[in-house]
Amino acid sequence: MFTLRHELAIYTAAGLGILALAAVSVDFRHGPFFKEDGVVEMTAALLFLAALVIGVHRRLFRTWMGLAFCALALLACLSEISFGARFLDFTMPAMAGGGELDGAQDLVMLAYRAAAGEGFLLLAAGLAVILSVLVLILAWRSGHLAQVVAWFNADDGRSTLAIGLAVIGLAVILDVMEAVRFAEETLELFGAALFVTAALRLDR
């Protein structure tokens, strides 16, 4: 039986393989795989949809954790297909600085552009890092950090979902920086696969 460690190793190896192939092959990087509505993006959308279907079938929505998971899977799927804008031939709202507001990650991009435009991006980033470190120290000193770790370890699905969200968060950072599109799309695909695993593993 495959454990979570085995699944993570397989996903990581597959993701690194795709990244390596894209890095060395211009044709692969700029072909049908990583373009808008390309193979990788559509596969990720289908995997997020599969995670949602599995979650609903397993009635995960009966718990707050499962409900949040189903909502996130739906939002991620819709974000991957731009809420159907290109398929149904309608236009999403334009964003300040260029692009369209057609995904949840675009809200982060808007905040990033606003902070950069006002000149306090580094200050905001520094405060966020300091705040995160302080929260971690307080959680560790109070014993809450151990409780959180125990809560995650009590259910493999929770750990899988947390890792999936971290991977998607990294993809959002790359998207906001508007760099290395093929890496961003690969990370989203990785995150989608983790969502399917979480849908199968979450405790009902």
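Predicted, not measured: the structure shown is a model, and the values here were computed from it.

**Some details on the overall build of the chain**
Inference 1: For the chain, the helix and strand inventory stands at 10 helices and zero strands.
Inference 2: Ordered by position from N to C terminus, the α and β elements of the chain give α-α-α-α-α-α-α-α-α-α.
Inference 3: Buried positions account for 37% of the 204 residues belonging to the chain.
Inference 4: Total accessible area on the chain is roughly 11900 Å²; 71% of this is exposed by carbon and sulfur atoms.

**Let's talk about the packing of aromatic side chains**
Inference 1: Applying the stated rule across the entire model yields four aromatic pairs.
Inference 2: Among the aromatic residues, ring-to-ring pairing joins Phe48, Phe69 and Phe195 into one connected group.

**A word on the packing of helix 9 (residues 156-176) against helix 10 (residues 181-201)**
Inference 1: One way to put it is that helix 9 packs onto helix 10 with a least axis distance of 8 Å and a crossing angle of 165°. One finds that helix 9 runs roughly antiparallel with respect to helix 10. Classified by chirality, the crossing of helix 10 by helix 9 is left-handed.
Inference 2: Residues belonging to the contact of helix 9 with helix 10 are distributed by class as follows: 14 nonpolar, five polar and five charged.

**Some remarks on the confidence of the model for the chain**
Inference 1: For the chain, the mean per-residue pLDDT works out to 81, and 83% of the residues sit at or above 70.
Inference 2: Within the chain, the lowest mean pLDDT, 68, falls on helix 6 (residues 105-118), and the highest, 93, falls on helix 3 (residues 39-57).

**Notes on the side chain of Glu80**
Inference 1: Relative to the helices and strands, Glu80 is located in helix 4 (residues 64-80).
Inference 2: The exposure class of Glu80 is buried, given its relative accessible area of 6%.
Inference 3: The residues contacting Glu80, other than those within four sequence positions of it, are Asp37, Glu41, Met42, Ala44, Ala45, Phe48, Arg86, Glu185 and Glu188.

**Comments concerning the nonpolar core**
Inference 1: Among the nonpolar cores identified, the biggest contains 27 residues, and Phe34, Phe48, Ala51, Phe69, Leu161 and Phe195 are the most heavily contacted of them.
Inference 2: Counting residues per element, the ones that place at least two in this core are helix 3, helix 4, helix 9 and helix 10.
Inference 3: Sort the elements by how many residues they give to this core and helix 10 lands first, with seven residues.
Inference 4: Leaving out residues up to four positions away in the same chain, Leu161 has contacts with Met65, Phe69, Phe195 and Ala198.

**Overview of helix 3**
Inference 1: Look at helix 3: 26 Å from first C-alpha to last across 19 residues, which is about the 27 Å you get at 1.5 Å a residue.
Inference 2: Taken together, the buried positions of helix 3 are Val40, Glu41, Ala44, Ala45, Phe48, Ala51, Leu52 and Gly55. For helix 3, the arc enclosing every buried residue in end-on projection is 140°, short of the 170-degree limit, so these residues lie on one face. For helix 3, the exposed residues lying more than 90 degrees away from the buried face are Leu46 and His57.
Inference 3: Directly beyond the C-terminal end of helix 3, a positive phi value near 55° is found at Arg59.

**Here's the deal with unusual backbone geometry**
Inference 1: The phi angle at Arg59 is positive, at roughly 55°, despite the residue not being glycine.
Inference 2: Tracing the backbone through its elements, the reader meets Arg59 in the loop between helix 3 and helix 4.
Inference 3: Using a relative accessible area of 46% as the deciding quantity, one classes Arg59 as partly exposed.

The rules behind each value
Residues numbered from 1 in each chain as written. Predicted model: local features only at pLDDT ≥ 70, side-chain atom pairs only at ≥ 80, totals over all residues. Heavy atoms only, no water. Helix = DSSP H or I, 4+ residues; strand = E, 2+ residues; numbered from the N terminus. Buried < 20%, exposed > 50% of the residue type's maximum accessible area, 1.4 Å probe, protein only. Areas by Shrake-Rupley, 256 points an atom, 1.4 Å probe, with all protein chains shown as cover. Phe/Tyr/Trp six-rings, centres within 6.5 Å; stacked < 30°, edge-to-face > 60°. Axes fitted to C-alpha atoms, helices over the stretch in contact; angles between N-to-C directions. Parallel < 35°, antiparallel > 145°, perpendicular 65-115°, else oblique. Left-handed = near helix turned anticlockwise from the far one by under 90°. Nonpolar A, V, L, I, M, F, W, Y, C, P; charged D, E, K, R; others polar. pLDDT = per-residue confidence, 0-100. Contact = heavy atoms within 4.5 Å. Core = buried A, V, L, I, M, F, W, Y, C linked by side-chain atoms within 4.5 Å. Expected span 1.5 Å × (residues − 1). Arc of directions from axis to C-beta.

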